[in-house]
Amino acid sequence: MNVEIDRRPIWIIVISKGLRPLFFLGLGLLFLYLINLPTPEGLTIQGQRAISLFVVCMILWVTGMLPLAITSLFAIVTVPLLGILDRKETYALFGNEAVFFILGAFIIAGAVMHSGLSSRIALAIMNRFGSTQTGLLASIYLLAASLSFFMSEHAVAAMLFPIVLEIAKGLNLRPGKSSYGKALFLSLAWGCVIGGVATFLGGARVPLAVGMLKEATGVNIDFFEYMVVVFPTVLILLLIGYLGVTKFFPSEIEDMHLAKMLFDRKMKEIGKIAYMEYSVGIVMAITIFFWMFFGAWLGIANIAIVSVVGLFVLKLVRWKDIEEYVNWGIILMYGGAITLGTAMERSGAAAWIANTVISDWASSPYAIIAVFSLLTILLTEGMSNAAVIAILLPVGIGMAGKFNIEPKIITYAIAVPAGLAFCFPMSTPANAIAVSSGYVTTRDMAKAGAVMMLLAWIVFNLVARFYWPMVGIKV
Amino acid sequence: MLVSKGIFQMNCVLLILSTSRTSQNAIEYAVGLAKKEKAKLVVLYIIETELTNEVFDKFTDIGFIGDKPSSELAEAIMKEYRQRGYEEMGKVQIRAMEENVDFDAVTTQGDFVEKAIEVIERYKIDTAVAIKRKRSAFLKYFSKSVVDELVEQAPCKVEVFEE
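Residues numbered from 1 in each chain as written. Chains lettered and ligands numbered in written order. Predicted model: local features only at pLDDT ≥ 70, side-chain atom pairs only at ≥ 80, totals over all residues. Heavy atoms only, no water.

**Q** Looking at this structure, I do not really get the overall build of chain A. What am I missing?
**A** Counting secondary structure elements, chain A contains 22 helices and 0 strands. For 475 residues, the compact-globule estimate of 2.2 N^0.38 gives 23 Å, and chain A sits close to it at 23 Å. C-alpha atoms of chain A, sized along the principal axes, occupy 75 × 65 × 50 Å. When each of the 475 residues of chain A is scored for burial, the buried share is 56%. Of all intrachain contacts in chain A linking residues separated by at least 6 positions in sequence, the fraction that spans at least 24 positions is 79%. Surface exposure of chain A reaches about 19,300 Å², of which carbon and sulfur atoms provide 69%. Side-chain charges in chain A split into 31 positive and 25 negative, and the spacing between the mean points of these groups amounts to 5 Å. (Helix = DSSP H or I, 4+ residues; strand = E, 2+ residues; numbered from the N terminus. Rg over C-alpha atoms; globule rule 2.2 N^0.38 Å. Buried < 20%, exposed > 50% of the residue type's maximum accessible area, 1.4 Å probe, protein only. Contact = heavy atoms within 4.5 Å. Areas by Shrake-Rupley, 256 points an atom, 1.4 Å probe, with all protein chains shown as cover. Lys, Arg positive; Asp, Glu negative; His and termini not counted. Charge placed at Lys NZ, Arg CZ, Asp CG, Glu CD.)

Laid out in structure tokens, this is it:
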């Protein structure tokens, strides 16, 4: 038998073994303390319980002591147990339209990945434009961004990573040393991050935020409307990001023929486009068309699920394939976040926090947007972007009610910056992938990312100030 | 450890490389030391799995894609790390052959300190050469480098290159 000896100092071993039970004991005591405090004036008993549960879930989401999905399940069962909402209402929230939209969008993205269509598009574009070092960098960056308009940014990053790695190796770029190597992987990560906020499809955080908004206020944001509001921010950030990458990491190479040879070989390897790729591409295109122009009328979740059924009717995928391409656990996270957000809203807890705890600093609607977007963009660097939305949006919607701001505005101010995580590998899988290549170091990413984060926040607020009124969003 | 006529003679020199710790200076030094001492050069390459695991965990916890693409991604990263390991070992082997130094190579993955000590004990190493990454004063204050841990725990002398 192989006996592993823990060679660490004894005090570290004791702390590391005892920390977890102590943490949960402390959390339990904190929960009991909060729930047994005298109910403050203006807050209902249900509201107090909702806030107590919210604090516990927030701590669990921030610390990551439990998987996000498990924290969400805990929230779902605790809401009816504490009498915040009744059981029927609570579990019905899990069947929210946003959850089914996310489910459908994940399945369609899984089918696209499985068919190989996304890899073919990526290679074809790189082959066409990648003959110069700026062309290659721009094509990776814009590819990552534009593919993230249509499928999850994480899927795009995972799909493009092996291709970019082969390019870097083909060009003999030295990991950790080559400036062009850093630029390639940072382009991949930032392209995915910026592109991921452009539509509902780049990440599930936007449907989550829209779902929470709808449950809390009955107000909806449709697919097309979101794109119109957010697109200028995305375009400006894409430009700034590209300039930033090329400025921070100028290219040191001239000869690109090795990359061209690689693309030629890869294109030969994948052969001619197959029936499955065509068909999945057509289903995807039709689905996006319907989401954009008929989403408000037909319902985006309905369109997504009908498309999924279509994929199976046309025998383009098998259930087994889809099972492997979708992270089912994360869907629980979204269901739980919507339940908790609604519990905060309906119990009056969100409005009470907005009125009593944080209303003093809020001098104007723009100040509220600025503060919420700043808070979001900072928090999202250290934790899951969906968790940031789950924590901030209920309070934000409460603030909107107090200051007579359209709750949509607060939703944008949280949902969009929640996706803009540039600084650390732990912020988002796209960053983690880039750092894992060994070409970009954590320090490179943190330095360039901090500048990008600040610029993203400024751009977002300027767009909110000057562009939103032009498209009917009155702040 | 060989001792002849009261003069210490080295038997084995260990050069420890890893995914994020390689250095041409350390390679040159280790080869030179082994040649000078007429010792065998053992090169240990540790494939670091922490980052790959972190990426995989991140996808499992907050990612939107399922097990298959996550596993494929983790495999692609590991394959790349292994490839880099072979390339580094190849470089050292060439230098050792040029200097006529007896050479042995070990590739492994897992905990840096544990694996290094395992090889030190197995080969009865006299001097180990390790590479330490330059770290900020902030990080130095709050956490100990694995190479520092190795220096403390290793049953032999450890020479450290900071790069």
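Here the narrative resumes.
**Q** Would you mind showing me how to read empty space enclosed by the protein here?
**A** Think of a ball as big as a water molecule: rolled over the atoms, this probe shows where empty space is left. Residues and elements named next belong to chain A. Inspection of every chain in the model, using the stated rule, returns 4 cavities of 30 Å³ or more. Considering only enclosed or pocket space, the largest cavity measures out at about 90 Å³ in volume. Around the largest cavity sit 15 residues that line it, and Ala-105, Phe-106, Ser-152, Phe-200 and Leu-201 are the ones nearest its centre. Secondary-structure elements contributing two or more residues to the lining of the largest cavity are α5 (97-115) and α13 (275-298). Per-element tally for the lining of the largest cavity: the top contributor is α5, with 5 residues. Size it by volume and the second largest cavity reaches roughly 50 Å³. Around the second largest cavity sit Met-212, Ala-216, Gly-341, Thr-342, Glu-345, Leu-393, Pro-394 and Ile-397, which together line it. Secondary-structure elements contributing two or more residues to the lining of the second largest cavity are α10 (205-217), α16 (328-346) and α19 (385-402). (1 Å grid on protein atoms, 1.4 Å probe; cavity = no way out; pocket = protein on both sides within 12 Å on 5 of 7 lines; lining within 4 Å. Points joined across faces, edges and corners; volume = space filled by probe spheres on them.)

**Q** Looking at this structure, I do not really get the sheet that holds strand β4 (residues 40-47) of chain B. What am I missing?
**A** Pairing between the strands of a sheet is mediated by backbone hydrogen bonds and can be parallel or antiparallel. Residues and elements named next belong to chain B. Read across the sheet, 5 strands follow the order β5-β4-β3-β6-β7 without closing on themselves; strand pairing throughout is parallel. Edge positions in the sheet fall to β5 (103-109) and β7 (157-162), since each has one partner strand and no second. Ignoring which end each strand starts from, the neighbouring axes of this sheet average 20 degrees apart. Both strand β6 (residues 127-132) and β7 contribute to a ladder of 6 bridges, which runs parallel. In the strand pairing of β7, Thr-127 is matched with Lys-157. Here helix α4 (residues 112-123) sits on the sheet and contacts β3 (12-18), β4, β5 and β6; the angle it forms with β4, its principal contact strand, is near 155 degrees. Across the sheet, helix α6 (residues 146-153) lies against β3, β6 and β7, angled at about 160 degrees from β6, the strand it touches most. (Pairing = 2+ DSSP bridges. Axes fitted to C-alpha atoms, helices over the stretch in contact; angles between N-to-C directions.)

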